[in-house]
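Observations on chain architecture
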Amino acid sequence: MTETDGEGITDLPPSAKLVYKVLEYDGPLTQKGIVEESMLSARTVRYALERLDEVGVIEEDVYFADARQNLYELSEPPAEQADPAISD
């Protein structure tokens with residue numbers, strides 16, 4: 001399971017893709033926030049976050065409002081926004 005060579009977002013399960021999109025649209029969120037926005041179970045969100053972390057597309061940070069929780073955000077901009085032709 002540690003082999004992620006060639007694995008990208010398109011190879012992930014639908015739940016991980018949904019969590020990615022939720023983070024893309026709603027910005028940094030806690031796990032609880034992702035559960036509320038995606039309407040997935042907490043266990044499914046945990047699994048999706050693990051898979052997204054394995055691929056390296058999310059970052060985990062301390063949520064200062066409640067240090068018992070983590071704040072998750074995308075580590076790289078979405079492909080649509082990273083298009084060099086648009087930035088000219």
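Residues numbered from 1 in each chain as written. Predicted model: local features only at pLDDT ≥ 70, side-chain atom pairs only at ≥ 80, totals over all residues. Heavy atoms only, no water.

**Focus on helix α3 (residues 42-55)**
Look at α3: 20 Å from first C-alpha to last across 14 residues, which is about the 20 Å you get at 1.5 Å a residue. Residues of α3 that are buried sit in contact with α1 (14-26), α2 (31-38), β2 (58-62) and β3 (70-74). Phi for Gly56, located one or two positions after α3, is positive at around 90°. (Helix = DSSP H or I, 4+ residues; strand = E, 2+ residues; numbered from the N terminus. Expected span 1.5 Å × (residues − 1). Contact = heavy atoms within 4.5 Å.)

**A word on the packing of α2 against α3**
Here α2 crosses α3 at 115°, and the two axes come no closer than 9 Å. Taken together, α2 and α3 sit at an angle that is classed as roughly perpendicular. In this structure, the crossing between α2 and α3 has a hand that is right-handed. Every residue of α3 that contacts α2 at Gln31, Ile34, Val35 and Ser38 is listed here: Ala42, Val45, Arg46 and Leu49. Of the residues contributing to the contact of α2 with α3, the split by class is five nonpolar, two polar and one charged. (Axes fitted to C-alpha atoms, helices over the stretch in contact; angles between N-to-C directions. Parallel < 35°, antiparallel > 145°, perpendicular 65-115°, else oblique. Left-handed = near helix turned anticlockwise from the far one by under 90°. Nonpolar A, V, L, I, M, F, W, Y, C, P; charged D, E, K, R; others polar.)

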